[in-house]
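These are the residues of each chain, in order.
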Amino acid sequence: MSGRRPVRRSAAGITVALLAALVLAADQFVKYLTVENLPLHEVVPVLGEFLQLYYIRNSGAAFSLGSEVTWIFTIALTVVAVIIIWKAFDLRSRLWAVVLGCLLGGVLGNLTDRLLREPGFAVGHVVDMISMPWMMPAIFNVADIFIVCGMITVALLVVLGIRFDGTREKDHVENADSEADVDSETDAGTETDAGAESDAGTGPEAVEKDA
């Protein structure tokens, strides 16, 4: 087993909840500042073309795809949020708690926009404001950053074989192999003892007794 000590489920759940609340608050605060202070559809340079602010209201997904079916994204975000909350009850890994907490906060940030912003419930437009045209043409927000980074980290944790209980997949494989070796040695010892007893029963002394 690895040297990591698993945390209590309650502690992991609290970590997820606190991080999700912090990310949600940061996302909504930045969106509030954007709506109150930035002009709509106008570029505001921050670091030249490296980093710009560009306030838009996005009814679709990335690159404004699916703008006619906004409600689908609302359902998708809701499903993801429910799955993360459900998994949080089984967590005993600090790393997974941090990752899922940040991911949940990002999901809730955009879900809040879908539910509460204009033009209406479940079809609200997400406020985007961050532009890095040298890297990608899409405009994104704080929640998007945590969602993308969270999904990448989830993929890495799965590839590395880190479980929700804080152990690694290879640790379980090694333990299974060790137990198999012990069982094999035990079986071999039993067969040896049985063979010795069988040989003792056919020796000279046994023949004399039979005679």
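Above: the structure in question.
What you are looking at is a predicted structure, and each value in this text was computed from that prediction instead of being measured.

K.L.:
What's the story with a nonpolar patch on the surface in this structure? I'm lost.
P.N.:
A contiguous nonpolar patch, built from Val 69, Trp 71, Ile 72, Ile 75, Val 79, Ile 83 and Trp 86 and spanning about 660 Å² of accessible area, is present on the exposed surface. Within the secondary structure, Ile 75 sits in helix 2 (residues 70-88).

K.L.:
Would you take a moment to explain the state of the cysteines for this structure?
P.N.:
Covalently bonding the sulfur atom of one cysteine to the sulfur atom of another cysteine gives a disulfide. Under the definition given, this model contains zero disulfides. Cys 102 takes part in no disulfide bond, and the closest cysteine sulfur, belonging to Cys 149, lies 9.2 Å away. The class for Cys 149 is partly exposed, based on a relative accessible area of 42%.

K.L.:
Is there a simple way to think about the packing of helix 1 (residues 9-37) against helix 3 (residues 94-116) in this case?
P.N.:
Look at helix 1 against helix 3: their axes get within 7 Å of each other, and the N-to-C directions meet at 40°. The angle between helix 1 and helix 3 falls in the class oblique. Helix 3 is crossed by helix 1, and the crossing has right-handed handedness.

K.L.:
Quick question: what am I supposed to make of the pairing of strand 3 (residues 126-131) here?
P.N.:
Judged by how many residues are buried, strand 3 sits mostly within the fold: six of six residues are covered. Summarising the sheet, strand 2 (residues 51-58) and strand 3 pair through five bridges and their orientation is antiparallel. Across the sheet, Arg 57 pairs through a bridge with Val 127, a residue of strand 3. Note: strand 3 against strand 4 (residues 139-140), two bridges, orientation antiparallel.

K.L.:
Even after reading the chapter, I still don't get the nonpolar core, so can you show me in this structure?
P.N.:
One recurring pattern in soluble globular proteins is that nonpolar side chains are buried together. The biggest cluster of nonpolar side chains holds 21 residues, and the ones touching the most others in it are Leu 91, Trp 96, Leu 100 and Leu 103. Taken together, the elements giving at least two residues each to this core come down to helix 1, helix 2, helix 3 and helix 4 (142-160). Ignoring anything within four residues of it in the chain, the contact list for Leu 103 reads Ile 84, Phe 146, Ile 147, Gly 150, Met 151 and Val 154. Grouped together as the second largest cluster of nonpolar side chains are seven residues, Val 127, Ile 130, Met 132 and Phe 140 included.

How each quantity is defined
Numbering of residues begins from 1 in every chain and follows the order in which that chain's sequence is written. In keeping with the predicted nature of the model, local features appear solely for residues at pLDDT of at least 70, side-chain atom pairs appear and are counted solely at 80 or more, and the whole-chain, interface and lining totals rest on all residues. Hydrogen atoms and water are omitted, and side-chain values are computed over all heavy atoms in the structure. Residues enter patches when they are more than 30% accessible in relative terms and free of salt bridges; like-charged ones are connected within 9 Å and nonpolar ones (Val, Leu, Ile, Met, Phe, Trp, Tyr) within 5 Å. Per-residue accessibility takes into account occlusion by the displayed protein chains alone, with areas from the Shrake-Rupley method and a 1.4 Å probe. Take a side-chain nitrogen of Lys or Arg and a carboxyl oxygen of Asp or Glu: if they are within 4 Å of each other, that pair is a salt bridge. Secondary structure follows DSSP: runs of H or I at least 4 residues long count as helices, runs of E at least 2 residues long count as strands, and numbering of each begins at the N terminus. What counts as a disulfide here is a pair of cysteine sulfur atoms lying within 2.5 Å. Working definition: with a 1.4 Å probe on protein chains only, accessible area under 20% of the residue-type maximum means buried, over 50% means exposed, and in between means partly exposed. Every axis in this analysis is a line fitted to C-alpha atoms, fitted for helices over the stretch in contact. Angles between the N-to-C directions lie between 0 and 180 degrees. Any angle between 65 and 115 degrees counts as roughly perpendicular, while under 35 counts as roughly parallel, over 145 as roughly antiparallel, and the rest as oblique. Each crossing gets its hand from how the near helix is turned against the far one by less than a right angle, where anticlockwise is left-handed and clockwise is right-handed. Paired strands are those between which DSSP finds at least two bridges. We define the nonpolar core as a collection of buried residues of types Ala, Val, Leu, Ile, Met, Phe, Trp, Tyr and Cys that are connected through side-chain atoms lying within 4.5 Å of one another. By definition in these notes, contact holds between two residues if any of their heavy atoms fall within 4.5 Å.

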